[in-house]
Amino acid sequence: MRVLLVLFLVMLGAAAPAHAQLFGDHEVFEAALENDTDAVQQYLINGENVNIRDRSKSPLLARAAEAGSTAVVDLLIRNDASIDLKDRYGNTALMQAAS
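Since the structure is predicted, the reported quantities are computational estimates derived from the model, not experimental observations. (Residues numbered from 1 in each chain as written. Predicted model: local features only at pLDDT ≥ 70, side-chain atom pairs only at ≥ 80, totals over all residues. Heavy atoms only, no water.)

Asker: How would you explain the overall build of the protein chain if you had to name every residue and give the values?
Answerer: Scanning the protein chain for helices and strands turns up 6 helices and 0 strands. Beginning at the N terminus, the succession of helices and strands in the protein chain can be written as α-α-α-α-α-α. Here the protein chain holds 99 residues, and 39% of them are scored as buried. When contacts within the protein chain are restricted to residue pairs at least 6 apart in sequence, long-range pairs at least 24 apart make up 76% of them. Taken as a whole, the protein chain presents about 5,400 Å² of accessible surface, with 52% of it coming from carbon and sulfur. (Helix = DSSP H or I, 4+ residues; strand = E, 2+ residues; numbered from the N terminus. Buried < 20%, exposed > 50% of the residue type's maximum accessible area, 1.4 Å probe, protein only. Contact = heavy atoms within 4.5 Å. Areas by Shrake-Rupley, 256 points an atom, 1.4 Å probe, with all protein chains shown as cover.)

Listed below in structure tokens is the structure:
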């Protein structure tokens, strides 16, 4: 499954990084980790930042990729999430998906 997620991230592009908000709502991260596309979609419909980061500075896309939440990864990329944002250790979503 992770191989498919890695290939998916490599094949898809994303917009240039927008300003990434730090210390985001934990609920959207929980939804992403549970592959709950409805909750993440509602979060985005409300105009929230697709490039939000958690307290450890990990972007939402990277956390979803790490969890193997392919539907949420797809949703975030289709809503212009940056695939190039790095966490505090220098890891991108692609690196998280491959690990």
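Asker: Tell me about the pattern of salt bridges, and name the residues and values.
Answerer: In this structure the tally under the stated criterion is 3 salt bridges. Measuring nitrogen to oxygen at the nearest pair gives 2.4 Å for the salt bridge that ties Asp54 to Arg63. A salt bridge links Asp74 to Arg78; the shortest N-O distance between them is 2.6 Å. Of the two residues, Asp74 and Arg78 are both situated in helix H5 (residues 70-78); the distance of 4 residues between them amounts to about one turn of the helix. (Salt bridge = Lys/Arg side-chain N within 4 Å of Asp/Glu carboxyl O.)

Asker: Can you tell me about the nonpolar core, naming the residues and giving the values?
Answerer: Grouped together as the largest cluster of nonpolar side chains are 22 residues, with contacts concentrated most on Val28, Val40, Leu44, Leu60, Leu61 and Leu76. Those elements that place two or more of their residues in this core are helix H2 (26-33), helix H3 (37-45), helix H4 (60-67), H5 and helix H6 (93-98). Leave out the neighbours within four places in its chain, and Val28 touches Val40, Tyr43, Ile52 and Leu60. (Core = buried A, V, L, I, M, F, W, Y, C linked by side-chain atoms within 4.5 Å.)

Asker: Residue-level account of H2, with values.
Answerer: Along H2, the residues that are buried comprise Val28, Phe29, Ala31 and Ala32. Looking straight down H2, one finds that the buried residues subtend no more than 160° of arc, so they occupy a single side. Structurally, H2 contributes buried residues whose contacts are with H3, H4 and H5. Two residues or fewer after H2 comes Asn35, characterised by a positive phi angle close to 60°. (Arc of directions from axis to C-beta.)

Asker: Describe a negative patch on the surface, listing the residues and the values that go with them.
Answerer: On the surface, a cluster of negative charge is made up of Glu27, Glu30, Glu34, Asp36 and Asp38. Locating Glu27 in the fold gives a position in helix H2. (Patch = residues over 30% accessible without salt bridge, like charges linked within 9 Å, V, L, I, M, F, W, Y side chains within 5 Å. Lys, Arg positive; Asp, Glu negative; His and termini not counted. Charge placed at Lys NZ, Arg CZ, Asp CG, Glu CD.)

Asker: Describe in detail unusual backbone geometry, supporting the description with residues and values.
Answerer: Despite not being glycine, Lys57 has its phi angle at roughly 70°, a positive value. When you line up the elements, Lys57 lands in the loop between H3 and H4.

Asker: I'd love a proper account of the environment of Ser99, names of residues and values included.
Answerer: The residue Ser99 is located in the segment after H6 in this model. According to the relative accessible area criterion, Ser99 is exposed, its value standing at 57%. For the pair Ser99 and Glu66, spaced 33 residues apart in sequence, the C-alpha to C-alpha distance is 7.6 Å.

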